[in-house]
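# Results of the structural survey
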Amino acid sequence: MTHQFPPDEIIANILHLQNKTNVSALQISRNTTTTTGSTAANGCDLLQPFQGQSHKNGGGPMHEGFLESWINSVLSGHEHEDDMNLKDALHMFTTMSTAVDETNRTKDEDISLWLKGLKVLHSIIISQQDTELAPHELLRTVMDSYYFRADDREQVSSLIPSSTSSSIFHLPTLVAMFILRSLLITHAIQTAESSTRFSLQRSETIRWRRLKSMVEDTIALFQRMLLDSFESVADNFDDDTQKDHQMKSEHFITIATWLYTKLIFPSCQSLLSLLLEENHGDGIVNPEDGVAAKLYGILTLLAAHGTSVVSDRGTDQMITTDRLVIYFINDPNSDTLWTYSRSFRQDSKADYSGQSLEEDLLLYKRPFYNQLGQATIAFLRLQAQIHPTIDNLAQPSPFSAEYRWALFFPHAITFLANGEVSHVKMGLDMLRMLIYDMPFIRPAQRCNQSTNKAVQMAHSSNLLARTVRTLLSLVLRLSALEASTPDSSSMLENSSLQVMDLAQKLLQLYDANVQVEAIDEVSRKMRDSDKSLIALLPKVLDWLRPIIIAICNQRKNSISDDSQQQLVLLSEVIRVFDPILNGLEEVFGDSPLPTEVASFFSMIEAYTSLFSSLRAMKMFRHHTTCVPSPNSEEMARLSFISDWLEQASMILECFKEQLQKLIDFWSSEASCPPADHHRCFLLHYHLEEALIDLTK
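Residues numbered from 1 in each chain as written. Predicted model: local features only at pLDDT ≥ 70, side-chain atom pairs only at ≥ 80, totals over all residues. Heavy atoms only, no water.

### Observations concerning the overall build of the chain
Helix and strand counts for the chain come out as 27 helices and 0 strands. Put simply, the chain has 696 residues, and 53% of those count as buried. Sequence-distant contacts in the chain: of pairs separated by 6 or more residues, those separated by 24 or more amount to 77%. Of the roughly 30900 Å² that the chain leaves accessible, carbon and sulfur atoms contribute 49%. (Helix = DSSP H or I, 4+ residues; strand = E, 2+ residues; numbered from the N terminus. Buried < 20%, exposed > 50% of the residue type's maximum accessible area, 1.4 Å probe, protein only. Contact = heavy atoms within 4.5 Å. Areas by Shrake-Rupley, 256 points an atom, 1.4 Å probe, with all protein chains shown as cover.)

Printed below as a string of structure tokens:
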């Protein structure tokens with residue numbers, strides 16, 4: 001088992017790495033050291049999570065020391081007499097990163113301004129004066145300081161820390177402001193809940209809608225800061241002029257995930273739970289567009305960003321954001337609001353949501369859920385069943401094999417359809433785990449009786465067809481790469497043949513009816529819209545052969561319940577081949593040559609597959625008789641098959657004559673046949689086999 005670092009130690013490691021960069025002086029801690037020793041537990045003061053008890057269990061005092069101790073650690077030993085209000089302090093934080101050579105300030109003066117601004121926060125948050133800023137005003141001030149700030153890119157400039165602060169960790173100003181604002185909005189939410197509970201005890205009037213709006217504003221602000229800052233950090237890392245103070249994208253997204261899972265989410269969850277307790281849950285519990293859904297959606301957004309920045313999974317375990325998200329979802333406290341809110345849904349929507357937060361994140365595609373993030377969570381949970389880690393343990397599941405398939409399989413196509421090589425590889429790995437390593441997770445056989453639309457979709461032929469078609473597109477791209485670059489398969493660690501085999505194995509996990517429906521859809525797309533895949537059509541049609549052979553091997557003289565199912569299945573197979581059969585009539589015109597020679601040669605293998613399948617279906621019809629009444633449904637199906645086979649024989653007879661003329665023409669001395677004209681002889685052989693009269 002691979003050694004894993006506890007999540008809090010991940011943050012300490014990142015901050016320790018950032019101490020080596022040449023950046024502006026937001027001082028995180030003066031005590032944090034590396035996490036390899038025993039002092040890791042007493043690491044930087046930022047690493048103090050929200051530790052409030054569940055209010056559903058009676059409530060308890062909130063822990064607000066994460067910000068107090070952080071400011072105290074910075075201000076200790078410094079005395080400042082100048083006054084500054086909060087708005088001025090936040091404005092100073094935003095603009096202080098302007099390059100020193102463009103202002104009259106010195107580097108030490110800039111550091112002094114930081115300390116002065118932090119003193120303002122100290123007086124507002126820590127002091128117990130009657131003039132303390134109201135929670136909603138604090139939140140509004142922080143929001144204004146961000147939405148009306150200067151250009152983010154200006155905040156990426158660096159400042160050289162003074163030599164006197166060498167024992168203090170530093171972060172780039174952009175990330176520093178992200179952390180600072182996250183701490184402040186968390187403090188605002190926690191203080192709002194504390195004051196609300198105090199007002200409840202004193203029977204004071206409470207503005208409940210304002211509390212819900214505060215949570216919505218907090219989520220919206222954090223998401224906006226996350227997206228903007230992530231883009232700026234990524235751009236700055238790619239800028240060659242900023243190499244002296246680069247921050248990796250994975251460092252930033254991991255810090256953001258820690259802030260959200262340790263502080264913002266628990267605080268918002270606690271306040272929303274209070275609103276539900278007091279019957280003010282309007283607009284909160286709806287799984288599609290409620291406030292809680294937005295809160296959960298940020299988790300999937302963080303997981304998606306974490307997957308995007310770590311290209312080689314497992315090579316950077318120390319800073320993998322996905323681990324923080326999984327660690328958080330595994331925590332029973334994270335399910336508090338979800339479990340609590342389900343009891344408030346009085347309509348049928350409660351039946352179309354997961355019993356747990358994790359189940360809902362895996363099963364449903366909701367407006368505020370990031371699908372790549374959901375796929376990442378599914379991948380890691382599936383991986384944990386095979387390779388458990390300390391923070392991602394395999395757990396026994398109460399769900400059936402079919403339901404678990406619905407939880408995991410739909411996410412594979414999210415990876416496969418993504419343009420990133422690392423994501424495509426994760427999709428292939430996910431399919432390989434499901435097919436080869438998870439025999440207890442399988443699609444439903446026969447008819448899926450579930451009324452849940454998400455479960456029905458996961459077992460549908462439509463999703464199977466889209467996944468197979470995506471795999472076939474990948475096969476085509478890999479084939480082109482293999483032809484031009486012999487070592488190209490190492491990019492995905494899969495060859496085109498391996499991906500093709502994976503598609504076939506996936507198809508064979510399903511019931512025969514679903515297989516035929518999926519093949520029908522794939523072949524139709526190939527002929528109509530995905531014509532670039534037409535070269536793979538013969539292989540797709542060959543996947544029908546085991547199904548047809550299984551039908552023919554029964555060779556029963558009467559129709560039983562099983563053979564009735566075979567008639568239905570054979571009718572579906574006919575629907576796949578019928579467009580190809582009808583296309584034979586358009587191959588030749590008045591000339592001995594095909595109307596489109598290139599198109600004709602591209603379809604030869606598909607025609608061969610058609611002829612072989614026709615022969616097998618004729619054998620089935622020859623050995624099957626019908627004993628029910630002539631008006632029965634079974635008799636109608638058998639008549640349909642017989643009529644189609646007779647029509648097919650007529651079309652094949654005509655095509656045989658035209659094909660023979662083509663062979664004779666290309667065999668004459670006056671013609672100049674194409675290099676691969678010999679394929680026509682093989683096609684003619686299979687055509688004659690299909691036309692053999694089995695009654696003689």
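Text resumes after the structure shown.
### A look at the packing of helix H8 (residues 249-277) against helix H10 (residues 321-330)
Two numbers describe how H8 lies on H10: the axes approach to 9 Å, and their chain directions differ by 15°. The angle between the axes of H8 and H10 places the two elements in the roughly parallel class. The element H8 and its partner H10 pack so that their crossing is left-handed. Residues Glu 250, Ile 253, Thr 254, Thr 257, Trp 258, Thr 261, Lys 262 and Phe 265 of H8 touch H10, and the partners they reach there are Thr 321, Leu 324, Val 325, Tyr 327 and Phe 328. Of the residues that constitute the contact of H8 with H10, the class distribution is 7 nonpolar, 4 polar and 2 charged. (Axes fitted to C-alpha atoms, helices over the stretch in contact; angles between N-to-C directions. Parallel < 35°, antiparallel > 145°, perpendicular 65-115°, else oblique. Left-handed = near helix turned anticlockwise from the far one by under 90°. Nonpolar A, V, L, I, M, F, W, Y, C, P; charged D, E, K, R; others polar.)

### Digging into the nonpolar core
Judged by nonpolar contacts, the single largest core of 178 residues is most densely connected at Leu 472, Leu 506, Phe 600, Phe 611, Met 617 and Phe 655. The biggest single contributor to this core is H8, with 16 residues. (Core = buried A, V, L, I, M, F, W, Y, C linked by side-chain atoms within 4.5 Å.)

### Describing the environment of Leu 372
Within the fold, Leu 372 resides in helix H13 (residues 371-386). Beyond its immediate sequence surroundings of up to four residues, Leu 372 is in contact with Ala 304, Ser 308, Thr 414, Phe 415, Asn 418 and His 423.

### Comments concerning the packing of aromatic side chains
Here the structure, examined in full by the defined rule, presents 19 aromatic pairs. Seen in terms of ring centroids, Phe 178 and Phe 222 are 5.5 Å apart; in terms of plane orientation they differ by 45°. Their pairing is tilted. With Phe 178 in helix H6 (residues 173-201) and Phe 222 in helix H7 (residues 208-238), this pair connects stretches of sequence that are 44 residues apart. Per residue, the accessibility class of Phe 178 equals that of Phe 222, and both read buried. Between the aromatic rings of Phe 600 and Phe 601, the centroid separation amounts to 5.5 Å while the plane-to-plane angle is 70°, which identifies the pairing as edge-to-face. Classification of Phe 600 by relative accessible area gives buried; the value is 2%. For Phe 601, a relative accessible area of 8% puts it in the buried group. Following the ring pairs from residue to residue traces out a cluster consisting of Phe 178, Phe 222, Phe 252, Tyr 260, Phe 265, Tyr 296, Phe 328 and Trp 338. The aromatic ring of Tyr 364 is capped on one face by Arg 366, whose charged end is 4.4 Å from the ring centroid. (Phe/Tyr/Trp six-rings, centres within 6.5 Å; stacked < 30°, edge-to-face > 60°. Lys NZ or Arg CZ within 6 Å of the ring centre and 35° of its normal.)

Taken by themselves, the reported measurements are silent on function.
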